Amino acid sequence: MLKKKIFFLIGPTAIGKTLIAIHLAKKINAEIISCDSMQVYSSMDIVTSQPAYAQRKKVKHHLLGVINPAKEYNVSRYRKDALSICSQLFSKGKIPLFVGGSGLYYSIVIDGLFPAAPEDKLIRAKLYKQLSLKGNRYLYEKLAKIDPLSARRIHPNDSRRIIRSLEVYMKTGMPLSVLQKGRVGLGAGYEIKILALNMDRQALYNKIDQRVSKMFRAGLIKEVSRLLKHKLSRTAKCAIGIRELEGYFNGEYSLKEAKRLIQRNSRHYAKRQLTWFRRDKRIQWIVIKDKETHREVARRIWKKLS
RNA sequence: GCCGAGAUAGCUCAGUGGUAGAGCGCGGCCCUGAAAAGGCCGGCGUGGGGGGUCCGAUUCCCUCUCUCGGCA
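This section reports on the structure supplied with the text.

Thresholds applied
Residues numbered from 1 in each chain as written. Chains lettered and ligands numbered in written order. Predicted model: local features only at pLDDT ≥ 70, side-chain atom pairs only at ≥ 80, totals over all residues. Heavy atoms only, no water. Helix = DSSP H or I, 4+ residues; strand = E, 2+ residues; numbered from the N terminus. Rg over C-alpha atoms; globule rule 2.2 N^0.38 Å. Buried < 20%, exposed > 50% of the residue type's maximum accessible area, 1.4 Å probe, protein only. Contact = heavy atoms within 4.5 Å. Areas by Shrake-Rupley, 256 points an atom, 1.4 Å probe, with all protein chains shown as cover. Lys, Arg positive; Asp, Glu negative; His and termini not counted. Charge placed at Lys NZ, Arg CZ, Asp CG, Glu CD. Near = heavy atom within 4 Å. Polar contact = N/O pair within 3.5 Å; in protein donor to acceptor, adjacent residues only side chain to side chain. Pairing = 2+ DSSP bridges. Axes fitted to C-alpha atoms, helices over the stretch in contact; angles between N-to-C directions. Parallel < 35°, antiparallel > 145°, perpendicular 65-115°, else oblique. Left-handed = near helix turned anticlockwise from the far one by under 90°. Nonpolar A, V, L, I, M, F, W, Y, C, P; charged D, E, K, R; others polar.

### Looking at the overall build of chain A
Inference 1: Along the backbone of chain A there are 14 helices and six strands.
Inference 2: For 306 residues, the compact-globule estimate of 2.2 N^0.38 gives 19 Å, and the C-alpha radius of gyration of chain A, at 21 Å, lies within 12% of that figure.
Inference 3: Principal-axis analysis of the C-alpha atoms places the extent of chain A at approximately 60 × 55 × 35 Å.
Inference 4: Burial status across chain A gives 45% buried among its 306 residues.
Inference 5: Long-range contacts, defined here as pairs at least 24 residues apart, represent 76% of the contacts in chain A between residues at least 6 apart.
Inference 6: Counting every atom, chain A has about 16,500 Å² of accessible surface; 54% of that belongs to carbon and sulfur.
Inference 7: Side chains of chain A give 63 positive and 24 negative charges; the mean places of these two sets differ by 3 Å.

### Side note on the protein's contact with RNA strand B
Inference 1: Ser37, Arg160, Arg264, Arg278 and Arg279 are the nearest of the 50 residues found near RNA strand B.
Inference 2: When the atoms of RNA strand B within 4 Å of the protein are sorted by group, sugar and phosphate make up 59%.
Inference 3: Here a phosphate oxygen of RNA strand B sits 2.7 Å away from a polar atom, N or O, in the side chain of asparagine 157.
Inference 4: Secondary structure elements with two or more residues in the surface near RNA strand B: α3 (75–92), α4 (103–111), α5 (121–134), α8 (159–172), α10 (201–217) and α13 (255–279).
Inference 5: The greatest single-element share of the surface near RNA strand B, amounting to 10 residues, is contributed by α13.

### Examining the pairing of strand β4 (residues 95–100)
Consecutive side chains of a regular strand alternate in pointing toward one face of the sheet and then the other.
Inference 1: Most of β4 sits inside the fold, with six of its six residues counted as buried.
Inference 2: Both faces of β4 are covered, namely the face carrying Ile95, Leu97 and Val99 and the face carrying Pro96, Phe98 and Gly100.
Inference 3: Taken together, the four bridges between strand β1 (residues 4–10) and β4 define a ladder with parallel strand orientation. Its bridge partner being in β4, leucine 9 is matched across the sheet by valine 99.

### Examining the packing of α3 against α4
Inference 1: Orientation of α3 relative to α4, taken along the N-to-C sense of each, is 55 degrees, at an axis distance of 9 Å. Here α4 runs oblique to α3, going by the angle between their axes. Where α3 crosses over α4, the two elements pack in a sense that is right-handed. Mapping the contact onto sequence places Val75, Tyr78, Arg79, Ala82 and Leu83 in α3 and Leu104, Tyr105, Ile108, Val109 and Ile110 in α4.
Inference 2: Of the residues in the contact of α3 with α4, the class split is nine nonpolar, no polar and one charged.

In structure tokens, the structure reads:
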């Protein structure tokens, strides 16, 4: 039985994934599945740097701008959505090409999620209340008692992860560290290739700074001020550019400062993305050379795949 | 040209006669239902050049170079 092919093209923000992916998709008869926790949202085209419509016409893109920004979205929903698109593509004889920069998202598509412990708003609210009353040390010690393994891995200041682990335990009666062993990934029926783009760090940072400038020219301020007038989900609000401009709108600092913050936070983000990817030893790295065009990079990748 | 102030980390600067810090920047890492989020770690240095005093100078003295003010 022939294995089903699934390809991933990942890389830090602003490195040029979108255009390279379009060239590549055409060569290999693929459709693109966006792998980006923020580009799933609609009406956030500029802040999230979604591919332009002209580009999206060249190759079909999935999971781009499909969620209302008032709604929460998360890895679990993403995996379901992505896998159902995968099976559609397989029946059409197309290869799914995942393209994006959300490390957790792509890895969970491949490796699966441990079952039966979605967010419980009530329990979580209770835990956050305890956090503000008694501090993270208290919760951390609680975790250390019920799940010493997780406690060892989580830093006492990482209250978000402490709370999630406690929530899982309160809900299921099982420690997170035990449940995590039960994850089920895609398995042997698939041929999976993960390609990650990288380039000289300084060159990447220059590209990021330039992209942010471009976003401003494209109407970022207008888009964000419009977004802030409506309800934004906890997740959608996390897109870089929103908080930074909110501070400017509130008169906390100048527009120039807001722009500087967006550039800096994007650089930090890119750095964290690379840290995440580096850990995944399955990745084949594609280092983009100075002056190399998108088409040339796509060609190199294509050769590597065939 | 004269007078004054300064030259210390990538940047802005603090401090001390026992070879140095702070903020920002930067680098590394962790990550399982918020992930563009959240958390952790790291000073990354020819203290402008050269002399002198001293057991010992980044710190005190002299000198040179440069920068910034003011006066001409």
